[in-house]
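What the coordinates show
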Amino acid sequence: MPVKILIIRFSSIGDIVLTTPVVRCLKQQLQAEVHFLTKKPFRNILDANPYVDKVYAIKSKISEIGEDLKSEQYDWVIDLHHNLRSFQAKLLLRTANRSFDKINFQKWLMVRFKWDVLPRTHIVNRYLDTVKKLGVQYDGQGLDYFIPEAQEVQLRNLAAEQNLSPELRNDLLHGHYIALVIGAAHATKRLPVKKLIEICQGIQQPVLLLGGPDDRPAAEQIIQASGPHVVNTCGKYSLHQSASLVRQAQQVITHDTGLMHIAAALRKPIISVWGNTIPEFGMTPFYPDGMEKNTTIEAKQLSCRPCSKIGFDACPKGHFKCMEQIDLEKIFLAIEPNTPAEIS
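The paragraphs below set out a description of the structure included in this document. (Residues numbered from 1 in each chain as written. Predicted model: local features only at pLDDT ≥ 70, side-chain atom pairs only at ≥ 80, totals over all residues. Heavy atoms only, no water.)

Some words on the packing of aromatic side chains
Selection rule: Paired rings are identified among Phe, Tyr and Trp, the last through its six-membered ring, by centres lying within 6.5 Å, and are further divided according to the angle between planes into stacked (under 30 degrees), edge-to-face (over 60) and tilted (the rest). For a Lys NZ or an Arg CZ to count as sitting over a ring, it must be within 6 Å of the ring centre and within 35 degrees of the ring normal.
If you walk through the whole model with that rule in mind, you get five aromatic pairs. An aromatic cluster is defined as three or more aromatic residues linked by ring pairs; in this entry it consists of Phe105, Trp108 and Phe113. Its guanidinium or amino end placed over the ring of Phe10, Arg85 lies 5.5 Å from that ring's centre, counting from NZ or CZ. Taking the ring centre of Phe281 as reference, the NZ or CZ of Lys107 above it sits at 5.7 Å.

Now the structure itself:
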């Protein structure tokens, strides 16, 4: 019988996408039966992954599915979340397990004292370290993200809905557009609306604004100030459909957020904009070996960065210089000339 393995990562979008090399390598190298435990809002990220045999999802407590998990009789539990809830799952299952190093102490030293003892190791590699004992090695193939065929967005349908000039409509139909991700889980990871407007005003081809329902008001402000070449898709599409728009884009401009990692999984050129968090935390866009398509934009000289390992609802110092001082000219210089993307 194949070894049966449970992987635990409860949230969030980007973090789950970053676990996909572990999932793939376990399946391909060990021919393992791979199960994944997450929270219900995120299970659809995994449902289309051919390397995952079964997904368990909870609302908040392990007890919701405790008996089902116990009946699986796992050989290994690979804990890629390493929190109290994942500890409860391991305690319940009482089987061999491995947990990844969250480097929380090193992050705390960097945030609190700006003492940089951070390992220059990407979180994907730290995830992979948890399965080395099983004889698994990284295959160099980067991240995975699978979009169900029914969730692919047809650009011809999107273009037909927009009030675009014939030239802009043709650009959109041929993937000559920029996907601009305006959302992020925390406000201190997001560019101010006025900066996003300046970015849109400086781009000549179509710009598709991506985000959730909460981002629609900001998107409407951006459109009103920027012109008809900017299209608001915020809250209109599912995560898979937004990923489809990312896949078909010429290039992606994004904050440190889940769609950034999806864009890397889809091998897209990325301009990543960093606010209160820093790339040195090890969560930059992760590409296959030998591929590097990310341009990092940050106000690197600020002594107050990072102010958090995650983010805040507002700048704790009140000035928000980490985003206010972003040099937009560097973003414009990083935008690639029009090249056809993969169109559906």
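Observations concerning the nonpolar core
Worth spelling out the cut-off: For the purposes of this section, nonpolar cores are sets of buried Ala, Val, Leu, Ile, Met, Phe, Trp, Tyr and Cys residues that join through side-chain atoms within 4.5 Å. Exposed residues in this analysis have more than 50% of their type's maximum accessible area, buried residues have under 20%, and partly exposed residues fall in between, with area computed by a 1.4 Å probe over protein chains only. Where helices and strands are cited, they refer to DSSP runs of H or I of at least four residues and of E of at least two residues respectively, numbered from the N terminus. By definition in these notes, contact holds between two residues if any of their heavy atoms fall within 4.5 Å.
Core analysis: the largest hydrophobic core is formed by 62 residues, its most contacted members being Ile5, Ile7, Val22, Leu26, Leu143, Tyr145 and Leu245. In terms of residues, this core owes the most to one element, helix 13 (residues 258–265), which gives six residues. Sequence-distant contacts of Ile7, defined by excluding residues within four places in its chain, comprise Val22, Val23, Leu26, Val34, His35, Phe36, Leu37, Ile78 and Leu80. Counting residues in hydrophobic clusters, the runner-up holds 30 residues, among them Leu180, Cys234, Val273 and Met323.

Examining the pattern of salt bridges
Pairing between side chains of opposite charge can happen when their charged atoms approach one another. To keep things clear, this is the line we draw: Should a side-chain nitrogen of Lys or Arg be within 4 Å of a carboxyl oxygen of Asp or Glu, the pair is scored as a salt bridge.
Applying the stated rule across the entire model yields 19 salt bridges. A salt bridge links Lys4 to Glu72; its shortest N-O distance comes to 2.9 Å. Placement of the pair is Lys4 in strand 1 (residues 4–8) and Glu72 in helix 4 (residues 66–72), with a sequence separation of 68 residues. Judged by relative accessible area, which is 15%, Lys4 ranks as buried. The class for Glu72 is buried, based on a relative accessible area of 9%. One salt bridge in this structure joins Lys194 and Glu324, with 3.4 Å as the shortest N-O distance. Linking Lys194 in helix 10 (residues 193–201) with Glu324 in helix 14 (residues 321–324), this pair joins segments that are 130 residues apart in sequence. Look at Lys194 and you get partly exposed, because its relative accessible area is 49%. When its relative accessible area of 29% is taken as the criterion, Glu324 is described as partly exposed.

Overview of empty space enclosed by the protein
The method is simple in principle: a probe with the dimensions of a water molecule rolls over the atoms, and the space it marks as empty is what remains. For clarity, the cut-off: Here a cavity means grid points, on a 1 Å grid over the protein atoms only, where a 1.4 Å probe fits yet cannot get out; a pocket means an open set of points with protein on both sides within 12 Å along at least five of seven lines; lining residues are those with an atom within 4 Å of a point. Grid points are joined across faces, edges and corners, and a volume is the space filled by probe spheres set on the points. Any residue outside Ala, Val, Leu, Ile, Met, Phe, Trp, Tyr, Cys, Pro, Asp, Glu, Lys and Arg is labelled polar, Gly included; the first ten of those are nonpolar and the last four are charged.
Scanning the model with the defined rule gives two cavities of 30 Å³ or more in all. Each pocket or cavity is described by its volume, and for the largest cavity that value is around 90 Å³. Lining the largest cavity, in full, are Thr188, Asn276, Cys304, Arg305, Cys307, Cys315, Pro316, Lys317, His319, Phe320, Lys321 and Cys322. Of the residues in the lining of the largest cavity, the class split is six nonpolar, three polar and three charged. Of the residues contributing to the lining of the second largest cavity, the split by class is four nonpolar, two polar and one charged.

Quick look at the pairing of strand 7 (residues 207–210)
Our working definition: Strand pairing is assigned whenever DSSP detects at least two bridges linking the two strands. A clockwise path from the first strand over the helix to the second, with the strands pointing away from the viewer, defines a right-handed crossover.
The two faces of strand 7 match: Val207 and Leu209 on one face and Leu208 and Leu210 on the other face are all buried. As judged from the four bridges shared by strand 6 (residues 178–181) and strand 7, these two strands associate in the parallel manner. Note that in strand 7 the partner of Val181 across the bridge is Leu210. Taking the sense of rotation as the criterion, the β-α-β connection linking strand 6, helix 10 and strand 7 turns out right-handed. Direction of pairing for strand 7 relative to strand 8 (residues 230–232): parallel, over a ladder of three bridges. Residue pairing in the sheet places Val207 in a bridge with Val230 of strand 8.

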